[in-house]
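Summary of structural features
Spelled out from the first residue to the last, the chains are:
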Amino acid sequence: MTNENAPYPVGLSLNAARSRIVEIAKAHSLAVEEVELDGALGRVLAGDVHAPRDVPGYRNSAMDGFAVRANDLPCSGTKAFRLCGEVLAGSNQSITVGVDECVRITTGASMPPGADTVVMKENTRTQGLLIHIDVGTAAGANVRAADEDFRAEDLALKRGTRLVPAQIAVLAAFGLGTVSVVAKPRAVLITTGDELTEFGQVLGPGQIYDSNRYSLGGLLEQHGVRLVCHQRLRDDPVLLRDALLRASADADIVVTSGGVSVGEADFMPQLLAEIGEVYFWKVRIKPGMPLLFGRIGQALVFALPGNPVSGFATFLAMVKPAIETMSCAIGGGAPLRARLTRAIHKQHSRTEFQRGSLDCDDLGVLRATPSDRQGSAMLSGLAQADALIVLPEAVHDFAVNAVVDALPLPGWPR
Ligand code: AMP
Ligand code: MG
């Protein structure tokens, strides 16, 4: 699958293609912006975040109960303590606990001076101002240190973290109202094909509804990209050229679908070479082989094949790493490892992405079962699948229980 005459590489391995994409994407880093915590979900941290102070910041009770001095606790049976006040969470009262005294306390309330232990309410009995405390509470029990959660200056969150609710909660706990994140990449999506139409239109002979607009648009948004606009175009090189030039002026990434192979109406490879630069064309994968990658001006261009599954697979295998790299995101996208429940014989030498389901057996082992609907135009197989099972290049036979990579589809586990 090499083309001796092309002025760019043709027919790369998946790994070579992905490495090239990542290398190019590294030179396309994005601006940094400040967003409010309410808008920080899914955004990528632009810098390390250190704890600005100890958190929680004061010694406090981990339980509802009674604060005492550990030295006074009973060695056996039950012992009576004199109740000398109460401290509720949020109060600024300071009642000193003396010998054989206790203070009623609630979870999160500041520890009273003198006390170093909290006895759970469940291990006590109240009789007027006397609190009977059972044996069994360890010295220092149920007290949270002032720096239990974070110590001032601790590295709390690393640059490149894609923020999830727990991490945004950390920022909130530090008292921050905004956070520096990497700007969302801006994308224009162009779906191409004379046969395409949209909902509301009656299908003419040979026509289909444009589904890639939604699969690729959804994938872009799910991966933190701002979809600036979508255009649907006929297979017309003049219209396409114009749309590509306009899109590239307005976007960090241009994603197209269709018209990228060797058919009579496939204009993308030639057009990209004319108005931009082709980094490579065709990857030794199935489905998705005709993928074309290049740039127009500063915009990276991913021209994906039109078959719905091909577009999906090439997005996950190659557009996603570009987005993560441009966004300086860390940790995303490592494949899962799973055992095949069925033997597979692969007739070609390319890397294959098979649609399949994932489940965990009784021993906690992840298993992958290829679907019966593997056609690259079959949305039915894709919609039922949990993952793309990756069958590597050059290997033809995969036994039952063979360990393979699986790229989980967005939404898995369901
Ligand atoms: P192409 O890559 O243009 O040769 O198209 C390959 C196959 O994908 C053809 O069967 C097209 O009809 C189909 N296809 C192309 N674009 C879309 C789209 N946006 N939505 C659904 N199917 C498409
Ligand atoms: Mg086409």
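The structure reproduced in this document is the subject of the present report. Remember, predicted model here, so these are calculated numbers, not experimental data. (Residues numbered from 1 in each chain as written. Chains lettered and ligands numbered in written order. Predicted model: local features only at pLDDT ≥ 70, side-chain atom pairs only at ≥ 80, totals over all residues. Heavy atoms only, no water.)

Some thoughts on the sheet that holds strand β5 (residues 65-68)
Cut-off, in case you're wondering: Pairing between strands is defined by DSSP: at least two bridges between the two strands are required. A helix here means a DSSP run of H or I that spans at least four residues, while a strand means a run of E at least two residues long, and both kinds are numbered starting from the N terminus. Every angle, taken between N-to-C directions, lies between 0 and 180 degrees, and every axis is a line fitted to C-alpha atoms, over only the stretch in contact when it is a helix.
Spatially, β8-β5-β7-β6-β10-β9 is the arrangement adopted by the six strands of the open sheet, whose pairing is mixed. Each edge of the sheet is formed by a strand with only one pairing partner; in this case those strands are β8 (117-120) and β9 (124-127). Neighbour-to-neighbour, the strand axes of this sheet turn through a mean angle of 40°, independent of strand direction. Taken together, the four bridges between β9 and strand β10 (residues 130-134) define a ladder with antiparallel strand orientation. Bridge pairing links Gln127 to Leu130 in β10.

Considerations on the packing of helix α3 (residues 212-222) against helix α6 (residues 308-326)
Which entries qualify depends on this criterion: The labels follow the angle: roughly parallel below 35 degrees, roughly antiparallel above 145, roughly perpendicular from 65 to 115, and oblique for the rest. Left-handed is the label given to a crossing in which the near helix is rotated counterclockwise from the far helix by less than a right angle, and right-handed is the label when the rotation is clockwise. By definition, residues are in contact when any of their heavy atoms lie within 4.5 Å. In this classification, Asp, Glu, Lys and Arg are treated as charged, Ala, Val, Leu, Ile, Met, Phe, Trp, Tyr, Cys and Pro as nonpolar, and every other residue, Gly included, as polar.
Remark: α3 packs on α6, axes separated minimally by 10 Å, with the N-to-C direction vectors making an angle of 20°. Judged by the angle between their axes, α3 and α6 are roughly parallel. Here the hand of the crossing between α3 and α6 comes out right-handed. Residues Asn212, Ser215, Leu216, Leu219 and Leu220 of α3 form the contact with α6, whose own contacting residues are Pro308, Gly311, Phe312, Phe315, Leu316 and Ile323. Considering only residue class, the contact of α3 with α6 consists of eight nonpolar, three polar and no charged.

Here's the deal with the environment of Cys229
Quick reminder of the rule: For every residue, the accessible area obtained with a 1.4 Å probe (protein chains only) is divided by the maximum for its type, and the residue is called buried under 20%, exposed over 50%, and partly exposed between those limits.
Relative to the helices and strands, Cys229 is located in strand β17 (residues 226-233). Cys229 gets classed as partly exposed once you look at its relative accessible area, which sits at 31%. C-alpha separation for the pair Cys229 and Gly356, spaced 127 residues apart in sequence, amounts to 32 Å. In contact with Cys229, not counting residues within four places along its chain, are Ala187, Val188 and Leu189.

Looking at the nonpolar core
Applied cut-off: We call a set of buried Ala, Val, Leu, Ile, Met, Phe, Trp, Tyr and Cys residues a nonpolar core when their side-chain atoms join them within 4.5 Å.
Judged by nonpolar contacts, the single largest core of 47 residues is most densely connected at Leu220, Phe280, Phe302, Phe315, Met318 and Phe353. Contributing elements (two or more residues each) for this core: α1 (14-26), β14 (186-192), α3, β18 (253-257), β19 (277-283), β22 (299-304), α6 and β27 (387-391). Looking at which element gives the most residues to this core, the answer is α6, with eleven residues. Ignoring any residue separated from it by four or fewer positions in sequence, one finds Phe302 in contact with Ile21, Ile253, Val254, Val255, Thr256, Leu292, Phe293, Met318, Val319 and Ala322. Ranked by size, the runner-up nonpolar core spans 24 residues in total, among them Ala243, Leu244, Val254 and Ala303.

Remarks on the side chain of Arg355
Worth spelling out the cut-off: In this tally, Asp and Glu contribute negative charge and Lys and Arg positive charge; neither His nor the terminal groups of the chain are included. Salt bridges, as used here, are contacts in which a Lys or Arg side-chain nitrogen is within 4 Å of a carboxyl oxygen on Asp or Glu. For this analysis, a polar contact is any N or O atom pair within 3.5 Å, provided that within protein one partner can donate a hydrogen and the other can accept it, and provided that sequence-adjacent residues contribute only side-chain to side-chain pairs.
With respect to the element layout, Arg355 can be found in strand β25 (residues 351-360). Buried charge without a salt bridge: Arg355, with Glu352 as the nearest opposite-charge side chain at an N-O distance of 5.8 Å. From its side chain, Arg355 meets the backbone oxygen of Gly375 in a polar contact 3.5 Å long.

Describing the packing of aromatic side chains
To keep things clear, this is the line we draw: When the centres of two rings from Phe, Tyr and Trp lie within 6.5 Å, Trp using its six-membered ring, the rings pair. Their planes under 30 degrees apart give stacked, over 60 give edge-to-face, and anything left gives tilted. By definition here, charges over rings are those cases where NZ of Lys or CZ of Arg is within 6 Å of the ring centre and within 35 degrees of the ring normal.
In total, this model carries four aromatic pairs according to the counting rule given. Judged by centre distance (5.0 Å) and plane angle (80°), the ring pair of Phe150 and Phe174 falls under edge-to-face. Of this pair, Phe150 sits in the loop between β11 (143-144) and β12 (155-157) while Phe174 sits in the loop between α2 (165-173) and β13 (178-182); the two residues are 24 residues apart in sequence, bridging distant segments of the chain. One aromatic cluster is present, built from ring pairs that chain together Tyr279, Phe280, Phe293 and Phe302. We note Arg213 situated over the ring of Tyr214; from NZ or CZ to the ring centre the distance is 4.7 Å. The aromatic ring of Trp281 is capped on one face by Lys282, whose charged end is 4.4 Å from the ring centroid.

It is worth stressing that arrangement in space is one thing and function is another; only the former is reported here.
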